[in-house]
Amino acid sequence: MTFARLAAIVMAFVLCAATAVPAAADAGFVRWIQNFETVAAQAGVSRNVYRAAFAGITEPDPEVIEKARYQPEFQDKVWDYIDNRVNDEQVAKGQAARAKLSGWLSRIEQRFGVDRDILLAIWSMETNYGAILQRQDVMRNLPRSLATLAYLDKSRASFARKQLIAALKIAQSGDIKVSELISSWAGAMGHTQFIPTSYLAYKVDMDGDGHANVWESVPDALATAANLLHKNGWETGRTWGYEVIVPAQYRGRLERANKSIRQWASLGFRRANGRPFPDGGEHANLLRPAGDDGPAFLMTKNFFVLKRYNNADKYALAVGLLADRIGGYPGLVVDWPRGYTPLSTNERYELQKHLASQGLYDGKIDGKIGSGSKAAIMALQQQAGMPQDGNASKALLEFLRKR
């Protein structure tokens, strides 16, 4: 073998070694990142920004795929979903924020015409008034999260690619540093959880510092949320819906037809609190999320505008109910058909502590009965020979107190 040929072989080996994927990396994922750089560049993303965003990222985020499989808006029973989000703790936090941010909320209401309590309820729903943004177990690296979805989740791949390009453009514009691109598992950003394309469409620099900083500025985040609702048709001074009593002849009929309030009233529908409807000409749709035995609602246009934020009935309903409670209105007249006596927020904390002390629960003690708490409850019920329904009931807590 000639020296020249030997040198060529050695050089080829060195080059291969220099560009090889680390042993722990996902080679396919690394190739996807490398290939998508050209797509991003064609869309106007600087190669320097792109490479900075993916520096050191060689594997998909397994947490993202796990969270993508479970979305409570579509899987939880409606009362579980509502109880976790519309409760005394969240109402108290919302009322405290209402007082603290009164000046900003007045300016945002005046500019966009969106009720302050709706904005506070969205803030609560999205990040627990910003507390979630401090949780490293929830917040993810945005470029890695969206690349993971694009690479592994066929149903969300197109969405993820589009959002990734938008996010990199946000960093490129200077509104946030590349290193600070953090988000939920699906790429939602900041206090009020905007996906990147929505941020670009609705961003508002409410505090006037030159950047629409939804990550750190609460006024910017709430104003951006208000702008989204405003541009999607929010009707100022109108409610999101009314709890109603359904006439007996409509039991078992799942009609959701759009009728005027006057037409609904002529069919025998009345407000559950006994008050008159304020505007008979307003149009509404009937919603019975728990069937005949649960509360029923006539949903007005603003309910459907709320669904532009998150296209799920449970989400929009929870925002509306929480907003009413923050504003000082009472809760539901008709309760949910749970089949058991529910726990207060403080009792939910106590239940989780009991389950943790017995080695059945290792999640966060947060008073929210999610999949981890339900699994622990079912394990306890199996041990005790109870029906394994996973319900956080008063009877179950009493059992644990005596155990």
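The next thing to look at is the pairing of strand β6 (residues 283-287). On a regular strand, each side chain points to the face opposite its neighbour's, so the side chains alternate between the two faces of the sheet. Taken across its 5 residues, β6 has 4 buried, putting it largely inside the fold. Sheet topology places β6 next to strand β7 (residues 296-299); 3 bridges connect them, and they run antiparallel. Within the sheet, the bridge partner assigned to L287 lies in β7 and is F297.

Enumeration according to the criterion identifies 22 salt bridges in this entry. E37 is the salt-bridge partner of R51, the closest N and O atoms lying 2.8 Å from each other. Here R51 is found in helix α3 (residues 47-53), whereas its partner E37 is found in helix α2 (residues 27-42), with 14 residues between them in sequence. Measuring nitrogen to oxygen at the nearest pair gives 3.2 Å for the salt bridge that ties D292 to R288. When its relative accessible area of 12% is taken as the criterion, R288 is described as buried. Residues participating in the shared-partner salt-bridge network are D83, D335, R338 and R348.

Further remarks concern the side chain of R271. Considering the arrangement of structural elements, one finds R271 in strand β5 (residues 270-271). With no salt bridge to any partner, buried R271 finds its closest opposite charge in D324, at an N-O distance of 7.5 Å. For R271, the side chain forms a polar contact with the main-chain oxygen of P276, separated by 3.1 Å. The residues contacting R271, other than those within four sequence positions of it, are Y242, E243, V244, P276, F277 and P278.

Turning to the sheet that holds β6, a few remarks are in order. Neighbouring strands of a sheet are bound in pairs by backbone hydrogen bonds; such pairs are parallel or else antiparallel. Read from one edge to the other, the open sheet built from 5 strands follows the order β4-β6-β7-β3-β5, with strand pairing classed as antiparallel. The sheet is open, and its two edges are formed by β4 (259-260) and β5, each paired on a single side.

It is worth spelling out the nonpolar core at this point. If you look at the biggest cluster of nonpolar residues, it comprises 88 residues, and the most contacted ones within it are I82, I118, L229, L306 and L317. Of the residues forming this core, the biggest block, 9 residues, is contributed by helix α16 (residues 313-326). Setting aside chain neighbours within four positions, we find L306 in contact with I118, I122, L229, W234, W240, Y315, A316 and V319.

When you line up the elements, V214 lands in the loop between α12 (196-202) and α13 (218-231). For V214, a relative accessible area of 0% corresponds to the buried category. Apart from the residues lying within four places of it in its own chain, the contact partners of V214 are M189, G190, H191, Y199, D220, A221 and T224.

Further remarks concern the packing of α2 against helix α11 (residues 157-173). Two measures define how a pair of helices packs: the angle their axes make with one another and the distance between the axes. Their axes nearest at 11 Å, the elements α2 and α11 cross at an angle of 65 degrees. Remark: the crossing between α2 and α11 carries right-handed chirality. For the pair α2 and α11, contact is made by W32, F36, V39 and A40 and by R161, L164 and I165, respectively. Along the lines of polarity and charge, the residues of the contact of α2 with α11 split into 6 nonpolar, no polar and 1 charged.

The end-to-end C-alpha distance of α2, which contains 16 residues, comes to 24 Å, matching closely the 22 Å that a straight helix rising 1.5 Å per residue would cover. Of all the bends found along α2, the most pronounced is centred on F36 and spans about 25 degrees. Turning to α2, its buried residues are G28, F29, V30, W32, I33, F36, E37 and A40. Where the residues of α2 are buried, they touch α3, α10 (142-152) and α11. The opening residue of α2 is D26, an N-cap whose side-chain oxygen sits 3.0 Å from the backbone nitrogen of G28.

About the cut-offs
- Residues numbered from 1 in each chain as written.
- Predicted model: local features only at pLDDT ≥ 70, side-chain atom pairs only at ≥ 80, totals over all residues.
- Heavy atoms only, no water.
- Buried < 20%, exposed > 50% of the residue type's maximum accessible area, 1.4 Å probe, protein only.
- Helix = DSSP H or I, 4+ residues; strand = E, 2+ residues; numbered from the N terminus.
- Pairing = 2+ DSSP bridges.
- Salt bridge = Lys/Arg side-chain N within 4 Å of Asp/Glu carboxyl O.
- Lys, Arg positive; Asp, Glu negative; His and termini not counted.
- Polar contact = N/O pair within 3.5 Å; in protein donor to acceptor, adjacent residues only side chain to side chain.
- Contact = heavy atoms within 4.5 Å.
- Core = buried A, V, L, I, M, F, W, Y, C linked by side-chain atoms within 4.5 Å.
- Axes fitted to C-alpha atoms, helices over the stretch in contact; angles between N-to-C directions.
- Left-handed = near helix turned anticlockwise from the far one by under 90°.
- Nonpolar A, V, L, I, M, F, W, Y, C, P; charged D, E, K, R; others polar.
- Expected span 1.5 Å × (residues − 1).
- Bend = angle between axes of the 7 residues up to and from the residue.

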